[in-house]
Amino acid sequence: MSSLQAIAKELLAPHKGILAADESDSTCVKRFDKYGIEKTPEQRRKWRELLFSAPNISDGLSGIILYDETIRQNASTGEPFAQFLLQQRILPGIKVDQKTEPFTGSPDEEVTKGLDGLPKRLAEYAKLGATFTKWRAVIRISDTLPTEECLRENAKRLAIYAKQSQEAGLVPIIEPEVLLDGEHTLERSEAVLTQTLRITFEETVKAGVELSGLILKSSMALPGKESGKVATLGDIASATLRAFFASVPKEVPGIVFLSGGQTPEDATARLNEIVKQARKQNAPWRITFSYSRALQEPVLKAWSGKDENVETAQKIFERRVQETSLASEGAFE
Ligand code: 13P
């Protein structure tokens, strides 16, 4: 087994999933604003420490994705966060994509930036203790979007990133996020997800990326947030798995979900159902979570930036991790 395969295997361990705590400073500001939390590097450090030092979370978390600022910060013990996590048997990862830019020729669509100087940044992150990386592309659904050209450009960049990440010894998590925003049906979401993943893997294979040493981070197939439509757990799971079977090579060891603005309850119940159906269909991949909002939202609310709330907030986080961990085994009731 290559070292990339070994890292991927550890990230995809039974009962475990990944916490995405890699919000950029500007995204963190938006989340903090909601609860009137002060927007300073020190408050962000305290927030991340609250999450990373919560009791028993290594039972349900194999890895945590960090942001550039966080991987350079220390826990109160004085240890850098990456080392702090490694001591708890949690693998530290790092978000390496940067901002997005409008796509030439289709300005309502975006492509992700971050390839300039990437090998140098990857080498530095590896030195700081990172073992895996993440790159997110954003795919918007409308009656006319996404265009094949924009999907292809995002896929090419994801593939170059993945190749360079593997060359630096870091497992890439490729995340072409199909957004929940819009009025589309579940069927349209499934079609776009299938096309997005098909193009992503065409480019990934073309770039010579080792499929057994990467992880796919995907959206679920869901009706658009503004569609007014509700889909059953069974229909969501079937549509999502059809998209995966149609486009994700079996050599890929695992698929982790983003939560994408679903409520924590929905994100847990839907993961649970998808995992149950995946087992019945003998899916070749380990399927689990890499949630940010669905794990953090109730915790952030409980903390609201106050030291006296840390313990209560950590208990809520511990519970969210336990529930989601059960769902990753199809065992959440
Ligand atoms: P959400 O779970 O909040 O969608 O975030 C996951 C993520 O990492 C987005 O890049």
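In what follows, the accompanying structure is described. Please read all numbers here as calculations on a predicted model, not as lab measurements.

### Quick notes on the site of the ligand
- The immediate surroundings of the ligand are formed by 13 residues, with Lys-134, Lys-217, Ser-259, Gly-260 and Arg-293 found nearest.
- Separating an oxygen atom of the ligand from a side-chain N or O atom of Lys-217 is a distance of 2.7 Å.
- Here the ligand loses 93% of its free accessible area of 300 Å² to cover by the protein chains.
- The set of elements that each furnish at least two residues to the shell around the ligand consists of strand S6 (132–139) and strand S10 (286–291).
- Of the residues assigned to the shell around the ligand, the class counts are three nonpolar, four polar and six charged.

### Examining the nonpolar core
- The biggest cluster of nonpolar side chains holds 82 residues, and the ones touching the most others in it are Phe-52, Ile-287 and Phe-317.
- Ignoring sequence-local partners within four residues, the contact set of Ile-287 consists of Leu-241, Ile-255, Phe-257, Leu-271, Ile-274, Val-275, Ala-278 and Ser-328.

### Digging into the pairing of S6
- In terms of burial, S6 is largely enclosed, as seven of its eight residues are buried.
- The pairing of strand S3 (residues 91–95) with S6 spans three bridges and is parallel. Looking at S6, one finds that Gly-93 is bridged to Phe-132.
- Relative to strand S7 (residues 171–178), S6 runs parallel, the two sharing eight bridges. What sits directly across from Trp-135, in S7, is Ile-174.
- With respect to chirality, the unit in which S6 leads through helix H7 (residues 148–167) into the neighbouring parallel S7 is right-handed.

### Considering the packing of helix H8 (residues 186–206) against helix H9 (residues 233–247)
- The interhelical angle for the contact between H8 and H9, taken along N-to-C directions, is 25 degrees, at an axis separation of 8 Å. As the angle between them shows, H8 and H9 are arranged roughly parallel. Relative to H9, the crossing made by H8 is right-handed. Every residue of H9 that contacts H8 at Leu-186, Glu-190, Leu-193, Thr-194, Leu-197, Arg-198 and Phe-201 is listed here: Asp-235, Ile-236, Ala-239, Arg-242, Ala-243, Phe-244, Ala-246 and Ser-247.
- Classifying every residue of the contact of H8 with H9 by side-chain character gives nine nonpolar, two polar and four charged.

### Some words on the pattern of salt bridges
- Inspection of every chain in the model, using the stated rule, returns 32 salt bridges.
- Residue Lys-95 pairs with Asp-97 through a salt bridge whose shortest N-O separation is 3.1 Å.
- By relative accessible area, which is 15% here, Lys-95 ends up buried.
- Among the residues examined, Asp-97 registers a relative accessible area of 7% and is labelled buried.
- A salt bridge links Glu-329 to Arg-286; the shortest N-O distance between them is 3.3 Å. In this pair, Glu-329 sits in the segment after helix H12 (310–327) while Arg-286 sits in strand S10, placing the two residues 43 residues apart along the sequence.
- Relative accessible area serves as the criterion here: at 16%, Glu-329 is assigned to the buried category.
- Through salt bridges with shared partners, a single network forms among Glu-148, Arg-152, Arg-198, Glu-202, Glu-203 and Lys-206.

Scoring rules and cut-offs
Here the residue numbering is sequential within each chain, running from 1 through the sequence in written order. Confidence filtering applies because this is a predicted model: local features only for residues at pLDDT of at least 70, side-chain atom pairs given and counted only at 80 or more, and all residues used for totals across whole chains, interfaces and linings. Side-chain numbers come from the whole structure's heavy atoms, not from hydrogens or water. Whether a residue is near a molecule or strand depends on its heavy atoms: if one lies within 4 Å, it is near. Throughout this description, a polar contact denotes any pair of N or O atoms lying within 3.5 Å of each other; where both atoms belong to protein, one of them has to be capable of donating a hydrogen while the other can accept it, and for residues adjacent in sequence the pair is counted only when both atoms sit in side chains. Only the protein chains shown count as cover for residues, and all accessible areas are computed by the Shrake-Rupley method using a 1.4 Å probe. Per the convention used, a helix needs a DSSP run of H or I reaching at least four residues, while a strand needs a run of E reaching at least two, with both numbered from the N terminus. Each residue gets one label: Ala, Val, Leu, Ile, Met, Phe, Trp, Tyr, Cys and Pro are nonpolar, Asp, Glu, Lys and Arg are charged, and the others, such as Gly, are polar. To define a nonpolar core, start from buried Ala, Val, Leu, Ile, Met, Phe, Trp, Tyr and Cys residues and group those joined through side-chain atoms within 4.5 Å. For each residue, the accessible area found with a 1.4 Å probe, counting protein chains only, is set against the maximum for its type, and the residue is called buried under 20%, exposed over 50%, and partly exposed in between. Pairs of residues are marked as contacts when any of their non-hydrogen atoms sit within 4.5 Å. Here, a strand pair is defined by DSSP locating no fewer than two bridges between the strands. Place the viewer so that the strands point away; then a crossover is right-handed whenever the path from the first strand over the helix to the second strand goes clockwise. Angles shown run from 0 to 180 degrees and are taken between the N-to-C directions of axes, each axis being a line fitted to C-alpha atoms and, for helices, limited to the stretch in contact. Roughly parallel covers angles under 35 degrees, roughly antiparallel covers those over 145, roughly perpendicular covers 65 to 115, and oblique covers all other angles. Crossing handedness: left-handed means the near helix sits turned counterclockwise from the far one by under a right angle, and right-handed means the same turn made clockwise. What counts as a salt bridge is simple: a side-chain nitrogen of Lys or Arg found within 4 Å of a carboxyl oxygen of Asp or Glu.

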